[in-house]
Amino acid sequence: DPQQLELATSGKRKLRRFIVIDEVVDELYGSKVRGYFEENNVQHKILALPTTEETKSMDLVLNILQEVQNFSIDRRTEPIIAIGGGVCLDIVGLAASLYRRRTPYIRVPTTLLSYVDASVGAKNGVNFLQCKNKLGGYTPPVASFLDRSFIQSIPRRHISNGLGEILKMALMKHKGLFDLLKRHGKYLLDTKFQSYSGSADHGDAALQTTRIAIETMLEELAPNLWEDDLDRLVDFGHLISPELEMRVLPSLMHGEAVNIDMAFMTYVAYTRGLITAEEKEQIIQCMRGLELPVWHGGCSWPLIKRALMERLKHSAGQPRMPLPTGLGVAEIFNDTSEETLERAYKLWVRD
């Protein structure tokens, strides 16, 4: 709106921003964020919060909204800014979508997982009654600002966690991305996805990997932003993992739970004859190379059956099971028998 732009830049009205930042990110970068707003003469309120799966609740959303109300923002010209990992972006997205029915918000992801996953798409939400993201909505941000330099300060395990979601897109849609992960996985972990001159052997593996992951994710999500079509390749690794992740909190991170699910589904694909023994081995070895867990004791046969029953409830009575049919190609199946699943499970546990 030219009038609003004129008002914002003319100096007649002071710029104001409300920022929610994860408390760990605040310790590392809070002074820089405050310095930025002060230097640019922006009146601001920074709310630092513990944003973890355990605190991802409506209570935290209501806390944020109380502070937003106290600060008093203009719901059209003063977007709420979320700086943190995926949990932070999810919570703030839901809070913004509820305030005055829809207040614009901006996502600034600070972990690898949120950089390639939560920054893309329209979904937001919180956990409810021990169920992951049971409450939420579809409100896209007005922008996502991506800066890989945030990733250099996160622990190695968090890098590996993000690689789980990148591998998901590789297995479903992009053999070239799978090859990149196989070839440069350890290097990406060692360098924490930073780009360095003098790393000629690796090209700019960090830039290539994140760009392809985001582009393939957008290809999948953009035509189906509100999930009108429930057949979604991006659901690979998300059939059993929500149940597993919530059951064993906080021992597994999101990308780790997703990878355990993907490892099991790789065995399902192999048992069905969709991939060869060599392809199965390549996938599992790639997961190990990315330092991702390929099995967990909490992923019992009863839990798998319970998770798949839950899947039927919110997928219109069909399992809609994405499975690899090769490296970088996949299809969705509704006809996997319980006998096949059990055979795959026994083989997976044995290995």
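Small disclaimer: the values here were computed from a predicted structure and weren't measured.

### Quick word on the UniProt feature "domain: 3-dehydroquinate synthase N-terminal" (unreviewed entry) in the chain
Then, in step 1: Here, the residues flagged by UniProt with the feature "domain: 3-dehydroquinate synthase N-terminal" (unreviewed entry) are residues 48-160.
Then, in step 2: In residues 48-160, the share of helix is 35% and the share of strand is 25%. The end C-alpha atoms are 26 Å apart.

### Here's the deal with the sheet that holds strand 3 (residues 80-84)
Then, in step 1: Reading across the sheet, the 5 strands line up as 2-1-3-4-7 and stay open at both edges, with parallel pairing between neighbours. The open sheet has two edge strands with one neighbour each: strand 2 (43-49) and strand 7 (143-144).
Then, in step 2: Taken together, the 4 bridges between strand 1 (residues 16-22) and strand 3 define a ladder with parallel strand orientation. Looking across to strand 3, one finds that I19 is bridged to I81.
Then, in step 3: Sheet contacts for helix 2 (residues 23-39): strand 1, strand 2 and strand 3; angle to strand 1, the most-contacted strand, approximately 160 degrees.

### Quick word on the domain arrangement of the chain
Then, in step 1: What the domain assignment reports for the chain is domain 1 (14-152) and domain 2 (155-223 + 233-350).
Then, in step 2: Computed over C-alpha atoms only, the centres of domain 1 and domain 2 are separated by 27 Å.
Then, in step 3: At the interface, 19 residues of domain 1 touch 26 residues of domain 2.
Then, in step 4: Summed over both sides, the interface between domain 1 and domain 2 buries roughly 1,900 Å², with carbon and sulfur atoms accounting for 68% of that surface.
Then, in step 5: For the domain 1 face of the interface with domain 2, the top three residues by lost area are L112, L113 and R148, together amounting to 32%.
Then, in step 6: Viewed at the interface, domain 2 and domain 1 are joined by 2 salt bridges.
Then, in step 7: Linking E245 and K132 is a salt bridge whose minimum nitrogen-to-oxygen distance equals 3.3 Å.
Then, in step 8: Our enumeration of links across domain 1 and domain 2 arrives at 5 residue pairs in polar contact (both at pLDDT 80 or more).
Then, in step 9: Listed by contribution, the elements that provide at least two residues to the side of domain 1 that touches domain 2 are helix 5 (112-118) and strand 6 (131-138).
Then, in step 10: The element best represented in the side of domain 1 that touches domain 2 is helix 5, accounting for 5 residues.
Then, in step 11: Its residues placed into classes, the side of domain 1 that touches domain 2 shows 8 nonpolar, 5 polar and 6 charged.

### Quick notes on the nonpolar core
Then, in step 1: Ranked by size, the top nonpolar core spans 71 residues in total, and within it L167 and F264 carry the most contacts.
Then, in step 2: Counting residues per element, this core draws most heavily on helix 10 (residues 254-271), at 10 residues.
Then, in step 3: Both domains that meet at this core, namely domain 1 (14-152) and domain 2 (155-223 + 233-350), each give it at least three residues.
Then, in step 4: Not counting chain neighbours up to four residues away, the residues in contact with L167 comprise F178, L181, N259, M262, C286, M287 and L290.
Then, in step 5: Ranked by size, the runner-up nonpolar core spans 25 residues in total, among them F18, L47, V68 and I80.

### A look at unusual backbone geometry
For residues that are not glycine, phi is negative in most cases, and the peptide bond is trans in most cases.
Then, in step 1: Note that the residue after L249, namely P250, is joined by a cis bond; omega there is 0 degrees.
Then, in step 2: Along the chain, P250 turns up in the loop between helix 9 (241-247) and helix 10.
Then, in step 3: Backbone geometry at L129 places phi at a positive 55 degrees, although glycine is not the residue there.
Then, in step 4: For L129, the position within the fold is in the loop between strand 5 (123-128) and strand 6.
Then, in step 5: Classification of L129 as exposed rests on a relative accessible area of 65%.
Then, in step 6: A positive phi angle, near 60 degrees, is found at F193, a position not held by glycine.
Then, in step 7: With respect to the helices and strands, F193 occurs in the loop between helix 7 (175-191) and helix 8 (205-221).

### Examining the packing of aromatic side chains
Then, in step 1: Within this structure, the stated rule accounts for 7 aromatic pairs.
Then, in step 2: Note on Y29 and F150: the rings are 4.9 Å apart at their centroids and 80 degrees apart in plane angle, and the pair reads as edge-to-face. With Y29 in helix 2 and F150 in the loop between strand 7 and helix 6 (156-173), the pair connects residues that are 121 residues apart, well separated along the chain.
Then, in step 3: Under the relative-accessibility criterion, Y29 is labelled buried at 15%.
Then, in step 4: Exposure remark for F150: the relative accessible area of 13% places this residue in the buried category.

### Focus: the environment of V92
Then, in step 1: Along the chain, the position of V92 falls in helix 4 (residues 86-98).
Then, in step 2: Taking the C-alpha atoms as reference, V92 lies 8.1 Å from I81; in sequence the two are 11 residues apart.
Then, in step 3: Discounting chain neighbours no more than four positions away, the residues touching V92 are V20, I64, I80 and A82.

### Describing the pairing of strand 4 (residues 105-109)
Then, in step 1: Among the 5 residues in strand 4, 5 count as buried, and that is most of the element.
Then, in step 2: The alternating pattern of strand 4 places Y105, R107 and P109 on one face and I106 and V108 on the opposite face, and all of these are buried.
Then, in step 3: Bridging between strand 3 and strand 4 involves 5 bridges; their strand directions are parallel. Paired with I80 across the two strands is Y105, which belongs to strand 4.
Then, in step 4: In this fold, the crossover linking strand 3 to strand 4 by way of helix 4 has right-handed handedness.
Then, in step 5: Pairing of strand 4 with strand 7 involves 2 bridges; the strand directions are parallel. Within the sheet, the bridge partner assigned to R107 lies in strand 7 and is S144.

Conventions adopted
Residues numbered from 1 in each chain as written. Predicted model: local features only at pLDDT ≥ 70, side-chain atom pairs only at ≥ 80, totals over all residues. Heavy atoms only, no water. UniProt positions renumbered as here; feature names shortened; annotations may be inferred. Helix = DSSP H or I, 4+ residues; strand = E, 2+ residues; numbered from the N terminus. Pairing = 2+ DSSP bridges. Contact = heavy atoms within 4.5 Å. Axes fitted to C-alpha atoms, helices over the stretch in contact; angles between N-to-C directions. Domains from an automatic or database assignment. Buried area = accessible area lost by both parts, 1.4 Å probe. Salt bridge = Lys/Arg side-chain N within 4 Å of Asp/Glu carboxyl O. Polar contact = N/O pair within 3.5 Å; in protein donor to acceptor, adjacent residues only side chain to side chain. Nonpolar A, V, L, I, M, F, W, Y, C, P; charged D, E, K, R; others polar. Core = buried A, V, L, I, M, F, W, Y, C linked by side-chain atoms within 4.5 Å. Buried < 20%, exposed > 50% of the residue type's maximum accessible area, 1.4 Å probe, protein only. Phe/Tyr/Trp six-rings, centres within 6.5 Å; stacked < 30°, edge-to-face > 60°. Right-handed = clockwise from strand over helix to strand, strands pointing away.

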